[in-house]
Amino acid sequence: MNKMCSLIADHLPRTKGTIMESYRLSAISWLKVGGPAEFFFKPYDFNDLQSFLRELDSSIPINVLGACSNLLIRDGGIPGVSIKLGKSFGKIEFGTDLITVGASMPAPKVAILASNRGFDLTFLRTIPGTIGGVIKMNAGCYGRYVSDHLETVNVIERNGRISKFTKEDLKLSYRSSTLQSNCVVTSATFRPDKKAPEVLRIEMDEAVNYRASIQPTSELSCGSAFKNPSGFSSRGKNDKDTRSSAWKLIDDAGLRGITLGKAKVSEKHPNFLINMGGATASELEDLGEKIRETVFKLHGVHLEWEIKVVGKR
Ligand SMILES: Cc1cc2nc3c(=O)[nH]c(=O)nc-3n(C[C@H](O)[C@H](O)[C@H](O)COP(=O)(O)OP(=O)(O)OC[C@H]3O[C@@H](n4cnc5c(N)ncnc54)[C@H](O)[C@@H]3O)c2cc1C
């Protein structure tokens, strides 16, 4: 144990959950890269998480992990305590018009369970994150976004305080929200539209097939690496507007298929960075930076990372 680790270890609150030191994050990240979490904490339940945060020394940084489907974790790992919610945060409750979902539940599973009851959250079917992650990112596809259906979000703040935010409080916009990075979303309530379950099932099957036809869904990626400079509006303007799409700018710059070590710009969708197997996080990040530099030189457009690059190099 290094000096810093042992210092933190001495100050970690007691918990009924699991704490692991030097936890290999590459095992759980979608890109299969990244160094270790200095400490990895899986709370036992809501009360355990609340008391842990209340008692954790405020100088120790925390980092919340969902499914790591939008995280490029650097090779040096993540300092402090990385928190990942487990099954006790994975419940779903149906009301007449509202659905309340635990933050650890996978978004595709929510889409399927909701559809069985005639609730339309079908756009979540092809987004491989958790409910906590899709709220933080205001995830969406093909013209529909979390902000279109979200009502309220329950969080535990860094000091253990329990709060409830409305979507207006969180100022959800294109792939972003004002949710503080040291707040943990524990559950959220949605008000979806309603449709016949069999119609929803067909729509979801179509979405899965469509995505597989245009994106490298069976390769290691984090989805779109960069935000579309054209931006978005939660009502109306959809992602098919390619006038200023990131993939088009990258393609026009001749970068489709280029590689750096074992990192690659996808042939199928140039806004996807792929780990071909054995890539390092640095290779993926450097390839991304090379794209940004080239696109800026050629088109004068600053591409902004959609993937969150976290940790130490
Ligand atoms: C093949 C593929 C396709 C994708 N397609 C899409 C798409 O169509 N649309 C889209 O929007 N995204 C897409 N993504 C990206 C990704 O799935 C989304 O950004 C998703 O919202 C990330 O959720 P996550 O649980 O994996 O979060 P993570 O990647 O683990 O984390 C992302 C952010 O959310 C925060 N976070 C996670 N959980 C919590 C929580 N409980 N409380 C507080 N903060 C939390 C993290 O701290 C981090 O800041 C795709 C990714 C892949 C791999």
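For clarity, every value in this text was computed on a predicted model and none was experimentally measured. (Residues numbered from 1 in each chain as written. Predicted model: local features only at pLDDT ≥ 70, side-chain atom pairs only at ≥ 80, totals over all residues. Heavy atoms only, no water.)

Participant: Quick one: what's the story with the site of the ligand, residue by residue and with numbers?
Facilitator: Neighbouring the ligand are 33 residues; V64, S69, T130, G140 and R211 lie closest to it. Contacts to the ligand include C68, whose backbone N or O atom sits 2.8 Å from an oxygen atom. Within the backbone of V185, one N or O atom sits 2.8 Å away from a nitrogen atom of the ligand. (Near = heavy atom within 4 Å. Polar contact = N/O pair within 3.5 Å; in protein donor to acceptor, adjacent residues only side chain to side chain.)

Participant: Give me the lowdown on the sheet that holds strand β11 (residues 150–156), citing residues and values where you can.
Facilitator: What the five strands build is an open sheet, ordered β6-β7-β13-β11-β12; its pairing is antiparallel. Looking at the sheet topology across the chains shown, the edges are occupied by β6 (92–94) and β12 (162–166). If you compare each strand with its neighbour and ignore which way they point, the axes differ by 15 degrees on average. The pairing of β11 with β12 spans five bridges and is antiparallel. By the bridge assignment for β12, N154 is matched with K164. Sitting on the sheet, helix α3 (residues 107–116) touches β6 and β7 (99–102), and the angle it makes with β6 is about 25 degrees. (Pairing = 2+ DSSP bridges. Helix = DSSP H or I, 4+ residues; strand = E, 2+ residues; numbered from the N terminus. Axes fitted to C-alpha atoms, helices over the stretch in contact; angles between N-to-C directions. Contact = heavy atoms within 4.5 Å.)

Participant: Can you explain the nonpolar core? Please cite residues and give values.
Facilitator: Residues L49, V81, I83, L124, I131, I135 and F190 are the most contacted members of the largest nonpolar core, which totals 46 residues. Of all the secondary-structure elements, those providing two or more residues to this core are β2 (36–42), α2 (46–55), β5 (78–84), β7, α3, α4 (131–137), β11 and β13 (184–190). Beyond its immediate sequence surroundings of up to four residues, I131 is in contact with V101, G102, A103, M105, A107, V110, L124, A188 and F190. Listed in part, the 24 residues of the second largest apolar core include L72, F226, A279 and W305. (Core = buried A, V, L, I, M, F, W, Y, C linked by side-chain atoms within 4.5 Å. Buried < 20%, exposed > 50% of the residue type's maximum accessible area, 1.4 Å probe, protein only.)

Participant: Give me the packing of aromatic side chains: which residues, what numbers.
Facilitator: Scanning all chains against the criterion turns up five aromatic pairs. With centroids separated by 5.9 Å and ring planes inclined at 15 degrees, the aromatic side chains of F94 and F119 adopt a geometry described as stacked. One end of the pair, F94, is in strand β6; the other, F119, is in strand β8 (residues 119–120), with 25 residues separating them in the sequence. Judged by its relative accessible area of 3%, F119 falls in the buried class. Look at F226 and W305: their rings are 4.9 Å apart centre to centre, the planes differ by 45 degrees, and that puts the pair in the tilted class. Of this pair, F226 sits in the loop between α5 (197–214) and α6 (246–252) while W305 is found in the loop between α7 (281–299) and β18 (308–310), placing the two residues 79 residues apart along the sequence. You can call F226 buried: its relative accessible area is 1%. (Phe/Tyr/Trp six-rings, centres within 6.5 Å; stacked < 30°, edge-to-face > 60°.)

Participant: Account for the environment of I162, with residues named and values stated.
Facilitator: With respect to the element layout, I162 can be found in strand β12. Residue I162 is classed as partly exposed on the basis of its relative accessible area of 48%. Sequence-wise, I162 and V184 are 22 residues apart; in three dimensions their C-alpha atoms are separated by 9.7 Å. Among residues more than four places away in sequence, those in contact with I162 are F46, Q50 and V155.

Participant: Describe the pattern of salt bridges, listing the residues and the values that go with them.
Facilitator: A complete count under the given rule lists 15 salt bridges for this structure. Measuring nitrogen to oxygen at the nearest pair gives 2.7 Å for the salt bridge that ties E203 to K195. The class of E203 is partly exposed, set by a relative accessible area of 26%. A salt bridge links R292 to E289; its shortest N-O distance comes to 3.0 Å. Here E289 and R292 lie together in helix α7, a separation of three residues that amounts to about one turn. Residue classification places R292 among the partly exposed positions, given a relative accessible area of 25%. Relative accessible area serves as the criterion here: at 30%, E289 is assigned to the partly exposed category. (Salt bridge = Lys/Arg side-chain N within 4 Å of Asp/Glu carboxyl O.)

Participant: I'd like a description of α2, backed by residues and values.
Facilitator: Those residues of α2 not exposed but buried are D48, L49, Q50, S51, F52 and L53. By the N-cap criterion, in which a side-chain oxygen at the helix start approaches the backbone nitrogen of a residue two or three places on, α2 is capped by D45, the distance to N47 being 3.3 Å.

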